[in-house]
Every structure is written in structure tokens, then in C-alpha cells.
There are 2 protein chains.
Amino acid sequence: MDVMNNLKRVGLKSTLPRLKVLNIFVSEAGQHLTAEEVYKRLLADGEDIGLATVYRVLTQFEQAGLLSRHHFEGGKAIFELHHGEHHDHLVCLQCGRVEEFYDEEIEKRQKQIAEQRGFRVQDHALYIYGDCTKTDCPHRS
Amino acid sequence: MDVMNNLKRVGLKSTLPRLKVLNIFVSEAGQHLTAEEVYKRLLADGEDIGLATVYRVLTQFEQAGLLSRHHFEGGKAIFELHHGEHHDHLVCLQCGRVEEFYDEEIEKRQKQIAEQRGFRVQDHALYIYGDCTKTDCPHRS
DNA sequence: GTATATGCAAAACTTTTGCATCCTT
DNA sequence: AAGGATGCAAAAGTTTTGCATATAC
């Protein structure tokens, strides 16, 4: 009921495809998925939803502020649940793990820099790419 | 002669397409171009170079460290001359202007954050998107 | 019942690749 | 002369769109 309310709140009808897609992001914390990955999960769950619909729904969710879209290295768009607070990303080049962080100091400096140069900041994206040294990093390149 | 030496230095034959492409980036400072834009400039200059070659040359230049590739919002890859020093980007959403900046404080914080979380930093990208208030901003959306 | 959403297939776009030909060394 | 580079066309990969049908309210 909560998820459906989310949809109504942003002016979208509560349809099955939209509920299922939203559920994928809500059900497991901190997921960063491409459209194709969302589509595959739906298929794996036995849902009969077209890839075109997935793209449409993802775009609607982004416009509604439910998801945010990122462009990491690699060209494909990646979506994640948009929790109110802004945050940036640490991406492991070995295993694809994505961690989020927020640093007040960096935020402050960015604002200062933009203002100094006469830019009104709308948005920003900071991606740090590296190798995580987690013991479970599968190093699948 | 300087440009040609650049190519030889990185182990690439000095061919006409490569010289022309490199010249586009060298001839005007601070350009950030998509493959398509590079291709159009070549055509405008009367060069008969295929788009496939442009893509191949851009990729080679990136691997050779002459150019760097970015993924701003919008999905297309954007290339710029790779001057040794790392820097980040301010992008105007109205006119597409791109300004570069470097901030020691931000760099330092990033490193700290990554290390805290067990990441060995390979690379990072910081894009600030906003509206520049320059008088010549054509606001062409 | 009406407006909107979906599925499918086709299209649009960006980027890559195969192959015959051409150019650099 | 030999190997690598280019152009063209075709393919591959991602995302969008047209249209008839199905669904939510």
C-alpha cells in the first residue's frame, strides 16, 4: 500500500508494471541497475513486461523524482532509488560494487567554485572509480 | 611537426585522419566534443574522413593518453585533450559551455573517503551541472 | 466508458566491426 | 614490399516510438 501511494502521490496510475519495477528498487537497498538488468529481473520473477515499458517506466520514475539516473563509465544509464539526500558514488572497477557517500566539505567547495565562476548549480555528480579490496570482491573485471 | 611527434611518441603512424583529428583538439583550447561533432568539423573543413575512422582514432588517442573520454548527462561520449593535470568539469545546461577546475581540497577529501572505505582510487569524475550566467550564454537549451 | 498504459515490432541513435583497398614507412 | 590504416557498409547495442490492444479509475 505504501508503494502504491508513492505512485499516486506523483501522479502515476498504479499499474502492475510500475509496481513491479518500483518493487525491485525498493525491495533491496542500494541497488544500481541498468534498464536491461531491471528487465531481466522481471523476467526472472515470471513477469511478462516488455523492455520498452521498462524504459518508459524508468523515465517516468526519474521525472517523478522516485529514481535517479546516472552515467557511469560504460555508456549505459544506471538507475537507483532516489532517497532525498544527495550523495555521490564510489564504483569498484573490478566487481562493479557501488557505494554511496556524502561529504559536506566537498559539497561546500563545489558550491563555492561554481559561484565563483558565475554558475547557478542545478545538479552534480561525483564518481570515484577504483578497486575495492573487499574480501568478497569477485574480481570479475 | 609537433603534432606529428606526438603521434610517433605514442606509437601511432602519422596518418592524415589522425593528424586532422588531433589538430581539431589542439587548435582551439578547451574543446569538449562528441565523435559526431569531430566528424562534422572534419566535413566542414573539407576532409573526407569516415565516421568509423573518427571513432577508431578517438579510441586510440584515449588509449595513448592524448585525449580523455567523459560521460556527461546525455549518454554520448565526450572527448577533450588530456593535459596532464587532472581536473573536473562545470557544465552549463543552457549553452553547453564547459569549464574546468581543480580543487586541492576536494581531491584530498576524495582520497580520504575512498581509503576509509577500502578503495584504491584509479580515477574519478566530478561534474557540476548548472546555468552559467555569462552574458553570451545563448540559452539554446 | 474514457483516458492512459502496455506490448510488440520497427525505428533511431551511438558505437563497433568485417573486409577490400589505400597509405605510411 | 609489408603491415597497418581507412572507407564503406553492415552489425551490434541501447533507447525511443507508432500503433493496436489492454487496463486503471
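Residues numbered from 1 in each chain as written. Chains lettered and ligands numbered in written order. Predicted model: local features only at pLDDT ≥ 70, side-chain atom pairs only at ≥ 80, totals over all residues. Heavy atoms only, no water.

Broken down by element type, chain A carries 5 helices and 5 strands. When its C-alpha atoms are laid out on the principal axes, chain A stretches across 50 × 40 × 25 Å. Taken across its 141 residues, chain A has 40% of its residues classed as buried. Within chain A, contacts between residues separated by at least 24 positions form 47% of all contacts whose residues are at least 6 apart in sequence. Distance from the positive charge centre (18 side chains) to the negative charge centre (22 side chains) of chain A: 6 Å. (Helix = DSSP H or I, 4+ residues; strand = E, 2+ residues; numbered from the N terminus. Buried < 20%, exposed > 50% of the residue type's maximum accessible area, 1.4 Å probe, protein only. Contact = heavy atoms within 4.5 Å. Lys, Arg positive; Asp, Glu negative; His and termini not counted. Charge placed at Lys NZ, Arg CZ, Asp CG, Glu CD.)

Turning our eyes to something else, we now look at the packing of aromatic side chains. Residue and element names in this part refer to chain B. For the structure shown, the criterion picks out 4 aromatic pairs over all chains. On the numbers, 4.7 Å between centres and 80 degrees between planes, the contact of Phe-72 with Tyr-127 is edge-to-face. Taken together, the residues Phe-72 in the loop between β2 (67-71) and β3 (77-81) and Tyr-127 in strand β6 (residues 119-132) connect sequence positions 55 residues apart. By the burial criterion, Phe-72 is buried, and Tyr-127 matches it. Judged by centre distance (6.3 Å) and plane angle (50 degrees), the ring pair of Tyr-127 and Tyr-129 falls under tilted. You'll find Tyr-127 and Tyr-129 in the same group, each marked buried. (Phe/Tyr/Trp six-rings, centres within 6.5 Å; stacked < 30°, edge-to-face > 60°.)

Residue and element names in this part refer to chain B. In space, the 3 strands of this open sheet follow the order β1-β3-β2, with antiparallel pairing throughout. Of all strands in the sheet, those bounded by a partner on one side alone are β1 (33-34) and β2. Sheet analysis places β1 next to β3, joined by 2 bridges and oriented antiparallel. Among the inter-strand pairings, Leu-33 is bridged to a residue of β3, identified as Phe-79. Each of β1, β2 and β3 is contacted by helix α2 (residues 16-27), which is oriented at about 70 degrees to β3, the strand it contacts most. (Pairing = 2+ DSSP bridges. Axes fitted to C-alpha atoms, helices over the stretch in contact; angles between N-to-C directions.)

Below, the discussion takes up the protein's contact with DNA strand D. Taken together, 19 residues surround DNA strand D, and among them Tyr55(A), Lys76(A), Arg18(B), Asp48(B) and Thr53(B) come closest. Backbone atoms, meaning sugar and phosphate, form 66% of the atoms of DNA strand D found within 4 Å of the protein. Within the side chain of Thr15(B), an N or O atom sits 2.8 Å from a phosphate oxygen of DNA strand D. Taken together, the elements giving at least two residues each to the surface near DNA strand D come down to α4 (51-64) of chain A together with α2 and α4 (51-63) of chain B. Per-element accounting of the surface near DNA strand D gives the leading share, 4 residues, to α4(A). Taken together, the residues that form the surface near DNA strand D break down as 7 nonpolar, 4 polar and 8 charged. (Near = heavy atom within 4 Å. Polar contact = N/O pair within 3.5 Å; in protein donor to acceptor, adjacent residues only side chain to side chain. Nonpolar A, V, L, I, M, F, W, Y, C, P; charged D, E, K, R; others polar.)

On to the pairing of strand β1 (residues 67-71) of chain A. Sheet faces and side chains relate simply in a regular strand, where the side chains alternate between the two faces. All names here are of chain A. Of all 5 residues that make up β1, 4 are buried, and the element is covered over most of its length. Where β1 lies against strand β2 (residues 77-81), 5 bridges are found, and the strand directions are antiparallel. What sits directly across from Arg-69, in β2, is Phe-79. In this antiparallel pair of consecutive strands, β1 and β2, the connection spans 5 residues, and Gly-74 shows a positive phi of 120 degrees.

Looking now at helix α2 (residues 16-27) of chain A. Residue and element names in this part refer to chain A. Between its first and last C-alpha atoms α2 spans 16 Å; for 12 residues at 1.5 Å apiece the expected length is 16 Å, and the two agree. Within α2, the full set of buried residues consists of Arg-18, Val-21, Leu-22, Ile-24 and Phe-25. Seen end-on, α2 carries its buried residues on one side only, within an arc spanning 145 degrees. Among the exposed residues of α2, those oriented more than 90 degrees off its buried face are Leu-16 and Ser-27. (Expected span 1.5 Å × (residues − 1). Arc of directions from axis to C-beta.)

Next up on the list: the interface of chain A and chain B. Facing the 38 residues of chain A at the interface are 38 residues of chain B. For the pair chain A and chain B, the summed buried area comes to about 3300 Å², and 61% of that belongs to carbon and sulfur atoms. Area buried by chain A at its contact with chain B is led by His71(A), Arg117(A) and Phe119(A), which between them contribute 19% of it. At the boundary of chain A with chain B, the tally comes to 4 salt bridges. Remark: the boundary between chain A and chain B carries 16 residue pairs in polar contact (both at pLDDT 80 or more). Of all the secondary-structure elements, those providing two or more residues to the side of chain A that touches chain B are β3 (88-92), β4 (98-101), α5 (104-116) and β5 (119-132) of chain A. For the side of chain A that touches chain B, the element with the most residues is β5(A), which contributes 14 residues. Tallied by class, residues from the side of chain A that touches chain B come to 17 nonpolar, 9 polar and 12 charged. (Buried area = accessible area lost by both parts, 1.4 Å probe. Salt bridge = Lys/Arg side-chain N within 4 Å of Asp/Glu carboxyl O.)

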